[in-house]
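# Structural overview
The residues making up each chain are set out below.
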Amino acid sequence: MLWALIGIGASHIVLAPTLGGTFGLFAVWLFALIYLAKYGAWELGIRYNYGVGGNPVEAYGDLPGPNNWMQWFTVAVFLVAYAGITAAVGMSTAAFVEALTPLSFPQAFVALVGLAGVLVLFTRYSLLEKILLGFTIALGLLIVLGVFVGPPPSDVAIGTAFTVPDLTGPVFVGLFAAAAGFAPTGLSTSVLIGSWSMAKGEGAGELRDRGLDPEDEAHHDYIRAWIQTGRRDFNIGYAFSFVLIVAMVVLAANVLYPNPPADANLAVAIGTILSDSFGEWSYYAMVLGAFAALYSTVITLLDGASRATGDIVPMAVERPDLDGERIRKAVVVAIVAVSIGVVLTLGAVPVTFLIWISAILAITEILFYPANWYVVREHLPEQFQPSRRWVAYYAISLAVVLVFGLMGAAHEFGYV
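Residues numbered from 1 in each chain as written. Predicted model: local features only at pLDDT ≥ 70, side-chain atom pairs only at ≥ 80, totals over all residues. Heavy atoms only, no water.

## As for the overall build of the protein chain
Of regular secondary structure, the protein chain possesses 19 helices and zero strands. For the protein chain, whose C-alpha radius of gyration is 21 Å, the value lies close to the compact-globule estimate of 22 Å for 416 residues. For the protein chain, the spread of C-alpha atoms along the three principal axes comes to 60 × 45 × 40 Å. Expressed as a percentage of the 416 residues in the protein chain, the buried residues total 57%. Across the protein chain, every contact between residues at least 6 apart in sequence was considered, and the portion connecting residues at least 24 apart equals 83%. Put simply, the protein chain has 18 plus and 29 minus side-chain charges, and the middle of one group is 5 Å from the middle of the other. (Helix = DSSP H or I, 4+ residues; strand = E, 2+ residues; numbered from the N terminus. Rg over C-alpha atoms; globule rule 2.2 N^0.38 Å. Buried < 20%, exposed > 50% of the residue type's maximum accessible area, 1.4 Å probe, protein only. Contact = heavy atoms within 4.5 Å. Lys, Arg positive; Asp, Glu negative; His and termini not counted. Charge placed at Lys NZ, Arg CZ, Asp CG, Glu CD.)

Below, the structure written as structure tokens:
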């Protein structure tokens, strides 16, 4: 569910309507390819979590190359990229608050992200998390129901579902790279899943905590069952995320196409996406639900990135005595401060900035896929190694993810 709070956010509320409003129903095929290709990185991480009993990042130090380079790269992603992601998602959140309250955009952003930082630093925020999760689930059900009540017109559905846009044009490359980088979320969250999975104390890790040997053949069925359970739990959230993003594309094709949301009208455009299905009252339901989905992402990003950094830095410097909690708190403060600085400098550009930072993720997050594959291959006992079918899938999907990165680079460096 924590992963779902990250995965059901800006990619669904901003990127899906943008692609649906630009390409119509053809965007469904784009998201299907993205979800299919990126799944392997998370599956490998979950396989390692329960089969070895640890977080994949712990084994990143064994990757060939300079000492602990992948762990330092992961720290850089959580410090730099996540500050940008927090700013981007926070911008979108502030746009919805601005539409509902007298607060200006900068005031809304500073208040929201500042409060998120306080919650992560000093409270367990369990009640707020439950409330936001409830709004997110309710929004998802409302959106899916809205597709059946108000489907897109037949001319739009037929005219866009199989109409291939200019695949080399700057609009397609930029938007597809952004979706590939941030839908449903970045591949670095496989590290966050590792932290949350280990906190549950299940699989090989539980055996080790009980003084039992995970290598003992008597425990192999138990570990294998937990690998399957961990994958099943993730699949539920992953499937719900995909259904919801497809529903958002369909609604955008109905209401917004061919005029996608822009920086100036993001909240209004998204708020009207259910109007054809349920009437004017749904505007406020959509705006409130979108706020909840986005704000839960801001909080979970801050919590996940700070906790992971607090865990990784002592490993990277090979100083297990370092206080990870102090590092965590410092990271929260740093991300909040940097993201506020970004917004005060750039202003209200929620769609533009999210597309830009998401395309960067398509480049930087590639490394987590082969890294997870390497540590699984090197550390997972033979009994739990992927089958030949899985290996073939990893190879093909990794090649597709590399293409995503090339498209991101082409967009970011102006080659298209």
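## Considerations on the environment of Ala111
In this structure, Ala111 sits in helix α6 (residues 105-122). Since its relative accessible area comes to 43%, Ala111 is described here as partly exposed. In the structure, Ala111 is positioned 229 residues away from Ile340 in sequence and 9.9 Å away in space, judged by C-alpha atoms.

## Quick look at a nonpolar patch on the surface
Together, Trp72, Val317 and Leu322 line one region of the surface with nonpolar side chains, adding up to about 230 Å² of accessible area. Note that Trp72 resides in helix α5 (residues 69-100). (Patch = residues over 30% accessible without salt bridge, like charges linked within 9 Å, V, L, I, M, F, W, Y side chains within 5 Å. Areas by Shrake-Rupley, 256 points an atom, 1.4 Å probe, with all protein chains shown as cover. Salt bridge = Lys/Arg side-chain N within 4 Å of Asp/Glu carboxyl O.)

## Side note on helix α15 (residues 282-316)
For α15, which comprises 35 residues, the first-to-last C-alpha distance of 49 Å matches the rise-based estimate of 51 Å (1.5 Å per residue) to within 8%. Buried residues dominate α15, accounting for 29 of its 35 residues. A positive backbone phi angle near 55 degrees is found at Glu318, which sits one or two residues after α15. (Expected span 1.5 Å × (residues − 1).)

## Some points on the packing of aromatic side chains
Tallied over the full model, the rule gives 24 aromatic pairs. Between Tyr393 and Tyr394 the ring centres are 5.9 Å apart and the planes differ by 55 degrees, which places this aromatic pair in the tilted class. Ring pairing ties together the aromatic residues Tyr35, Tyr39, Trp42, Phe234, Tyr238, Phe242, Trp373, Trp390, Tyr393 and Tyr394, which thus form one cluster. The ring centre of Trp390 lies 5.6 Å from the NZ or CZ of Arg47, which sits over that ring. (Phe/Tyr/Trp six-rings, centres within 6.5 Å; stacked < 30°, edge-to-face > 60°. Lys NZ or Arg CZ within 6 Å of the ring centre and 35° of its normal.)

## Considering the environment of Ile270
One can find Ile270 in helix α13 (residues 266-271). When its relative accessible area of 0% is taken as the criterion, Ile270 is described as buried. Here the alpha-carbon distance between Ile270 and Thr18, two residues 252 residues apart in the chain, equals 9.7 Å. Setting aside residues no more than four positions away along its own chain, Ile270 makes contact with Ile13, Pro17, Phe96, Pro261 and Met286.

## Section: helix α2 (residues 10-23)
The terminal C-alpha atoms of α2 lie 18 Å apart, and with 14 residues this matches the ideal 20 Å at 1.5 Å per residue to within 8%. The largest bend along α2 reaches roughly 30 degrees and is located at Ala16, with the proline Pro17 sitting one to four residues downstream. For α2, the tally of buried residues reaches 13 of 14 residues, placing the bulk of the element in the interior. Gly24, located one to two residues past α2, shows a positive phi value of around 70 degrees. (Bend = angle between axes of the 7 residues up to and from the residue.)

## A closer look at the nonpolar core
Formed by 143 residues in total, the largest nonpolar core has its most connected members in Ile13, Phe31, Tyr60, Tyr82, Phe96, Met286 and Tyr369. Beyond its immediate chain neighbours, meaning those up to four positions away, Tyr369 contacts Ala37, Gly40, Ala41, Leu44, Leu187, Tyr393, Tyr394, Ser397, Leu398 and Val401. (Core = buried A, V, L, I, M, F, W, Y, C linked by side-chain atoms within 4.5 Å.)

## Description of the pattern of salt bridges
Enumeration over the complete set of coordinates arrives at eight salt bridges. For Asp303, the salt bridge is made with Arg307, and the minimal N-O distance between the two is 2.7 Å. Placement of the pair is Asp303 and Arg307 together in helix α15, with a separation of four residues, close to one helical turn. Since its relative accessible area comes to 6%, Asp303 is described here as buried. Among the salt bridges present, the one from Glu378 reaches Arg377, with a minimum N-O distance of 3.3 Å. Look at Glu378 and you get partly exposed, because its relative accessible area is 43%.

## What to know about unusual backbone geometry
Along the chain, Ala183 connects to Pro184 via a cis peptide bond; the corresponding omega equals -10 degrees. In this structure, Pro184 sits in the loop between α9 (170-182) and α10 (189-200). Residues Tyr257 and Pro258 are joined by a peptide bond in cis, for which omega reads 5 degrees. In this structure, Pro258 sits in the loop between α12 (220-255) and α13.

## Quick look at the environment of Ile335
The topology assignment puts Ile335 in helix α16 (residues 324-346). For Ile335, a relative accessible area of 2% gives the class buried. Here the alpha-carbon distance between Ile335 and Ala87, two residues 248 residues apart in the chain, equals 8.7 Å. Beyond its immediate chain neighbours, meaning those up to four positions away, Ile335 contacts Phe78, Leu79, Tyr82, Ala83, Thr86, Leu302 and Ala305.

All quantities given are derived from atomic positions and should not be read as evidence of function.
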